[in-house]
Amino acid sequence: MIIRAVKKEEYGFIEDFVYEVFRHTNFSDGAVEKSLVREIREKQYYIPQLDLVAEENGVIVGHFMLSKLPISNKHADEILVLSPVSVSIHKQRQGVGDFMLREGIRLASEMGYKGVIVEGDYSYYPRFGFKTSTEFGIYASEKNLPPSEENLMAMELCEDGLKNISGEVDYSIYQSLTH
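What counts as what
- Residues numbered from 1 in each chain as written.
- Predicted model: local features only at pLDDT ≥ 70, side-chain atom pairs only at ≥ 80, totals over all residues.
- Heavy atoms only, no water.
- Phe/Tyr/Trp six-rings, centres within 6.5 Å; stacked < 30°, edge-to-face > 60°.
- Buried < 20%, exposed > 50% of the residue type's maximum accessible area, 1.4 Å probe, protein only.
- Lys NZ or Arg CZ within 6 Å of the ring centre and 35° of its normal.
- Helix = DSSP H or I, 4+ residues; strand = E, 2+ residues; numbered from the N terminus.
- Pairing = 2+ DSSP bridges.
- Right-handed = clockwise from strand over helix to strand, strands pointing away.
- Core = buried A, V, L, I, M, F, W, Y, C linked by side-chain atoms within 4.5 Å.
- Contact = heavy atoms within 4.5 Å.

### Quick look at the packing of aromatic side chains
Alright, step 1. All chains considered together, the criterion is met by seven aromatic pairs.
Alright, step 2. A centroid spacing of 5.8 Å and a plane angle of 85° characterise the contact between Tyr125 and Phe130, whose relative ring orientation is edge-to-face. Per residue, the accessibility class of Tyr125 equals that of Phe130, and both read buried.
Alright, step 3. Against the face of Tyr19 rests Lys34, its NZ or CZ located 5.7 Å from the ring centre.
Alright, step 4. Sitting over the face of the ring of Tyr11, Arg41 holds its NZ or CZ atom 3.9 Å from the ring centroid.

Below, the structure written as C-alpha cells:
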C-alpha cells in the first residue's frame, strides 16, 4: 500500500468515494463529507500535498485530508484539521486507516506544522497521539459544538507544538461543517 497526493483529475472520483463511504455509516448520509472535500479544495486553507489517498495495487482504498485551521482566527499556518477520513467499506478494520493516518501525520510533521485537530471517535484517535483538545487549551466554538468535549482532540507534531497555541476551533469557515 502506498500513500500519495490526489491528482486533480481524481477530484470528482474522490468526492464520490467519500460520499459512498460515509453514506454507509449510522451518523451521516455522506453529503456533508462530500461537500466538505470540495469546499476545502476551494479555500486558502487547502494543502494539495496533504490531500492524500491510500492506494493498493492501483486501487484507491482510502482518502483523507489535512488542511490549515485557524484557532481563534490565528495560527492558520501552524495547525491542521484532519477531516474527512474515509476507508473503502470492504477495506475497513484491516489497517488502512492506521497506515494512512500515521503517514499523513509524519508528512505534516516533516512539513513543519505544529499540531493537528480532529473531531471524531475518542476510542480511535488516541492511538495516534491525540488527546482531548481542552488539555491544550483548545476548545470548540459555541457555534458548532461536538457531540461531547472528548470528541474534539488535538495532537502535537513536535515537542511543545501546541504550547503557545490556544483558543476556539470554529468550523464556520466551512459551511459544510456548521452543525
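### Examining the pairing of strand β4 (residues 79–87)
It is a general feature of regular strands that their side chains alternate between the two faces of the sheet.
Alright, step 1. A large share of β4 lies buried, amounting to nine of its nine residues.
Alright, step 2. Two strands pair when backbone bridges link them, and strand β3 (residues 59–68) and β4 are joined in this way by six bridges, in the antiparallel orientation. Considered in β4, the bridge of Lys68 is made with Leu80.
Alright, step 3. Bridging between β4 and strand β5 (residues 115–119) involves three bridges; their strand directions are parallel. Following the sheet pairing, Ile79 is matched in β5 by Gly115.
Alright, step 4. With helix α3 (residues 96–110) bridging β4 and the parallel β5, this β-α-β connection has right-handed handedness.

### Quick notes on the environment of Val37
Alright, step 1. Along the chain, the position of Val37 falls in helix α2 (residues 31–42).
Alright, step 2. Considered as a pair, Val37 and Lys7 are 30 residues apart in the sequence and their alpha carbons are 14 Å apart.

### Examining the nonpolar core
Alright, step 1. Of all hydrophobic cores here, the largest spans 31 residues; its most connected members are Ile71, Ile117, Ile138, Leu162, Val169 and Tyr171.
Alright, step 2. Counting residues per element, the ones that place at least two in this core are α1 (11–23), α2, β3, β4, β7 (138–140) and β8 (152–156).
Alright, step 3. In terms of residues, this core owes the most to one element, α1, which gives five residues.
Alright, step 4. What Ile71 contacts, discounting residues up to four positions off in sequence, is Ile79, Ile117, Ile138, Ile165, Ser166, Gly167, Glu168 and Val169.

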